[in-house]
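# Structural overview
Take a look at the letters that make up each chain.
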Amino acid sequence: YQRRVHGEYCYSQKKGEIQPQQHKFIVPKPMEDNGPSKNIHLKGNTELRLEVDTLTKVSISLIAGKAELFGREITVDQPVVVTNASVAIYAIKDSEIRMAGDAPYYICSESKMMTYQNAAYIINQMRVKALQEKRIGPRILATGSRNSGKTTLSKLLCNYALKLGWTPLLADLDVSDNMIAPPGHIGAALEDMPLPNDTMTDKGLCYFQLYFFRNVEHGITSWTFKNVHRLSDGLLLQL
């Protein structure tokens with residue numbers, strides 16, 4: 001289920017089975033001419049939120065300070081290109097952001113990141129205790145209504161776990177907009193690279209189980225629970 005980078009007790013693949021690949025959707029790239037650029041000042045514990053459609057590319061560059069994207073720290077002067085995504089740049093401390101491209105944005109002063117960080121800290125303590133007792137670590141379920149932030153929270157918790165040296169197992173049960181599998185499917189994968197990335201479906205042994213749902217539009221049915229149960233059984237066999 002998880003492993004420490006430095007430690008004797010772990011579940012992992014053999015070295016060399018996972019080959020890093022370039023991210024597709026949100027990737028570090030040299031700054032391109034994506035339109036007019038502007039410098040935005042963010043105070044500590046605030047967020048720059050923007051929505052980028054499929055036909056637009058926006059380059060985000062950290063000029064000074066310290067900021068994160070989905071819990072993944074942004075490197076100074078290393079632009080991040082965003083397309084077809086809604087993202088929030090969180091300023092850990094006062095930061096200067098350069099945004100090149102045309103996309104609607106606003107600054108949110110009521111960030112929930114401190115709550116997420118506290119949750120990640122508690123989960124980490126549970127993982128450490130599980131490691132000491134040589135048992136499977138905590139299972140976290142993110143649930144809620146549409147557009148309530150389930151995917152964002154999942155990415156944050158995975159990225160914070162990666163920062164602390166763990167390899168979290170992410171299972172996505174959303175059949176309409178799945179991070180791991182095509183629509184109509186559910187899936188799970190061990191994450192060893194910061195999210196979001198486009199390598200989850202290319203990881204071989206980490207790509208455990210996928211089951212097609214007969215009627216995606218009909219929502220949750222008995223067929224849904226049967227396939228979740230089958231996915232769970234498949235994961236247990238892999239651990």
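Reference entry: report on the structure contained in this document. Bear in mind the structure is a predicted one, so any value in this text is a computation, not a measurement.

Rules used in this analysis
- Residues numbered from 1 in each chain as written.
- Predicted model: local features only at pLDDT ≥ 70, side-chain atom pairs only at ≥ 80, totals over all residues.
- Heavy atoms only, no water.
- Helix = DSSP H or I, 4+ residues; strand = E, 2+ residues; numbered from the N terminus.
- Buried < 20%, exposed > 50% of the residue type's maximum accessible area, 1.4 Å probe, protein only.
- Contact = heavy atoms within 4.5 Å.
- Areas by Shrake-Rupley, 256 points an atom, 1.4 Å probe, with all protein chains shown as cover.
- Patch = residues over 30% accessible without salt bridge, like charges linked within 9 Å, V, L, I, M, F, W, Y side chains within 5 Å.
- Salt bridge = Lys/Arg side-chain N within 4 Å of Asp/Glu carboxyl O.
- Phe/Tyr/Trp six-rings, centres within 6.5 Å; stacked < 30°, edge-to-face > 60°.
- Lys NZ or Arg CZ within 6 Å of the ring centre and 35° of its normal.
- Core = buried A, V, L, I, M, F, W, Y, C linked by side-chain atoms within 4.5 Å.

In terms of regular secondary structure, the chain is built from three helices and ten strands. Seen in sequence order, the chain has helices and strands lined up from the N terminus as β-β-β-β-β-β-β-β-α-α-β-β-α. The buried share of the chain, reckoned over its 239 residues, is 39%. Within the chain, contacts between residues at least 6 apart in sequence are counted, and of these 69% link residues at least 24 apart. Carbon and sulfur atoms make up 52% of the accessible area of the chain, which totals about 13,800 Å².

A grouping of Tyr121, Ile122 and Met126 is seen on the molecular surface, where their side chains present a nonpolar patch of about 330 Å² in accessible area. Note on placement: methionine 126 falls in helix α1 (residues 113–132).

Next up on the list: the environment of isoleucine 186. Within the fold, isoleucine 186 resides in the loop between β9 (169–172) and β10 (187–190). For isoleucine 186 and threonine 224, which are 38 residues apart along the polypeptide, the C-alpha to C-alpha distance reads 9.5 Å.

Bringing the packing of aromatic side chains into the picture now. What the rule picks out here adds up to zero aromatic pairs. Positioned over the ring face of phenylalanine 70 is lysine 155, at 4.6 Å from the centre of the ring.

In this structure, Leu50, Ile89 and Ile97 are the most contacted members of the largest nonpolar core, which totals 21 residues. Sorting the residues of this core by element identifies β2 (37–42), β3 (46–52), β4 (58–69), β6 (80–82) and β7 (85–100) as the ones contributing at least two each. By residue number, the principal contributor to this core is β7, which donates six residues. Excluding residues that lie within four positions of it along the chain, leucine 50 makes contacts with Val58, Ile60, Ala85, Ser86, Val87, Met99, Pro104 and Tyr105.

Counted under the stated rule, the structure contains three salt bridges. Residues lysine 163 and glutamate 68 are paired through a salt bridge, measuring 2.6 Å at the closest nitrogen-oxygen approach. Here lysine 163 is found in helix α2 (residues 150–163), whereas its partner glutamate 68 is found in strand β4, with 95 residues between them in sequence. We classify lysine 163 as partly exposed; its relative accessible area is 42%. Among the ionic pairs, arginine 135 bridges to glutamate 133, the shortest N-O distance being 2.6 Å.

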